[in-house]
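# Tertiary structure, described
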Amino acid sequence: MNYKLKKDILKIGHSKRPGGIYKKTSITIHSTGNEKSTAANERVWLDNPSNTRDASWHYVVGAGEVIQAIPENEEAWHSGTSEGNRYSIGIEIIESGNREKVLETAAEFVADLLKKYGWGFDKVKKHYDWTGKDCPRILINKNFVKNNMNWNYFTEGIEEYMVKRYNTIAELPAWAKDTISKLVKEGKIANGSKLNITEDMLRVLVIMNR
C-alpha cells in the first residue's frame, strides 16, 4: 500500500453524518471543485460552522493519503440522489498538488476497495452518472484535465492496481520462490523485499531461467 489511511470519523449526530446502515453496491468518484484545497482542508471544512451545505463524503484522497470521514456502511450526501448517497461509497479527489500522484493514490485506493468487496470495475461510477453534474471535473472536463490524465487514464490506473502483485519472496507461490531467490542473490533483481512482480511476470522469469 503506497498511501496512508487516516480515520477521522465525524461524530454520531454530526450535521454532515446522516447515519443509517446500507449495503453498498458501488463506488462514486468526485473531485472537490477547489483547486487550492488539500485533503486535510476538506476534512476540516466538514466541521466548519459556516459550512451549511448538505454535502459530505466517505473518503477524500490526496497524494499518498486517504482520509475517512464517514463509515462505509453509512449514508453520505455526495451523489445528489438517495440511491447513490445510501448505496455508493463517495470518494472525493483533491484538485491541488501533484495531479499524477493524487490520481495514482486514488486509483490504488479504489482498486483496494474493489478487491475488498469482490467487485469488478463495473462498480465504479462518476458523480456525472447519477445526476449529469460536471464531476469529477478533473477527469471529464477538458478545461480541468491535465496532460491527458482523464477518466480513461484513471480507470487504466485502477485496472493496473487490480492485478495481484508480489512484493516479498515469502508471498510468492511455491513454484516461483527458488527462481526469484536465485535472481535476487545474483543481483538481477535489486530488492527481494520490494519485488512488485505480477503473476504473469513471474511465469516469464521462471520460464526464462529454466
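What comes next concerns the included structure. In every chain, residue numbers begin from 1 and rise along the written sequence. Reporting in this predicted model follows two pLDDT cut-offs: at least 70 for local features of residues, and 80 or more for side-chain atom pairs to be given and counted; totals over whole chains, interfaces and linings ignore these cut-offs and use all residues. Each side-chain value is worked out from all heavy atoms of the structure, with water and hydrogens disregarded.

### Re the packing of aromatic side chains
Ring geometry is summarised as follows: Phe, Tyr and Trp rings, the Trp one being its six-membered ring, pair when their centres sit within 6.5 Å, and such pairs are stacked at plane angles under 30 degrees, edge-to-face over 60 and tilted between the two. For the structure on display, the rule yields five aromatic pairs. Taken together, a centroid distance of 5.7 Å and an interplanar angle of 85° make the contact between Tyr3 and Phe109 edge-to-face. Highlighted residues: Tyr3 in the segment before β1 (4-7) and Phe109 in helix α3 (residues 99-117), separated in sequence by 106 residues. Measuring from centroid to centroid gives 4.5 Å for Tyr117 and Trp119, while their planes differ by 20°, and the two rings are stacked. Exposure is judged per residue with a 1.4 Å probe applied to protein chains only, and the accessible area is read against the type maximum: over 50% gives exposed, under 20% gives buried, and values in between give partly exposed. You can call Tyr117 partly exposed: its relative accessible area is 30%. Each helix corresponds to a stretch of at least 4 residues labelled H or I by DSSP, and each strand to a stretch of at least 2 residues labelled E; elements are numbered beginning at the N terminus.

### A look at the pairing of strand β2 (residues 26-31)
With six of six residues buried, β2 lies mostly within the body of the structure. On β2, burial covers both faces: Ser26, Thr28 and His30 on one face and Ile27, Ile29 and Ser31 on the other are all buried. One bridge is not enough; two strands pair if DSSP finds at least two bridges between them. Judged from the six bridges that link them, β2 and strand β5 (residues 88-93) form a sheet pairing that is parallel. What sits directly across from Ser31, in β5, is Ile93.

### Considerations on the nonpolar core
Soluble globular proteins tend to bury their nonpolar side chains together. Among buried residues, those of type Ala, Val, Leu, Ile, Met, Phe, Trp, Tyr and Cys that are joined through side-chain atoms within 4.5 Å constitute a nonpolar core. Counting 36 residues, the largest nonpolar core has Ile27, Ile29, Ile91, Ile93, Val110 and Phe154 as the members making the most contacts within it. Within the residue set of this core, elements represented by two or more residues are β2, α1 (39-47), β3 (59-62), β4 (65-68), β5, α3, α5 (137-140) and α6 (151-162). Residues count as neighbours in contact if any of their non-hydrogen atoms are within 4.5 Å of one another. Once residues lying within four places of it in the same chain are set aside, the contact partners of Ile27 are Ser88, Ile89, Ile91, Val110, Leu113, Leu114, Trp119, Lys123, Val124 and Lys125. Leu172, Ile180, Leu202 and Val206 belong to the second largest nonpolar core, which has 10 residues in total.

### Here we look at the side chain of Arg99
Relative to the assigned elements, Arg99 resides in helix α3. Only four residue types enter the charge count, namely Lys and Arg as positive and Asp and Glu as negative; His and the chain termini do not. Each salt bridge in this description consists of a side-chain nitrogen of Lys or Arg and a carboxyl oxygen of Asp or Glu lying within 4 Å of one another. Among buried Asp, Glu, Lys and Arg side chains, Arg99 stands out as unpaired, with Glu95 the closest opposite charge at 5.7 Å.

### Points about the pattern of salt bridges
Tallied over the full model, the rule gives 12 salt bridges. For Glu95, the salt bridge is made with Arg137, and the minimal N-O distance between the two is 2.8 Å. Here the residue Glu95 occupies a position in the loop between β5 and α3, and Arg137 occupies one in helix α5, the gap between them amounting to 42 residues. Note on accessibility: Glu95 and Arg137 belong to one class, buried. Across the pair Arg203 and Glu199 runs a salt bridge, and its minimum N-O distance is 3.0 Å. With a gap of four residues between them, Arg203 and Glu199 both fall in helix α8 (residues 199-208), about one helical turn apart. On the accessibility criterion, Glu199 (29% relative accessible area) is partly exposed.

### Focus: the environment of Tyr128
Structurally, Tyr128 can be placed in helix α4 (residues 127-131). Its relative accessible area of 44% is what places Tyr128 among the partly exposed residues. Excluding anything up to four places from it in sequence, Tyr128 contacts Lys133, Cys135 and Ile140.

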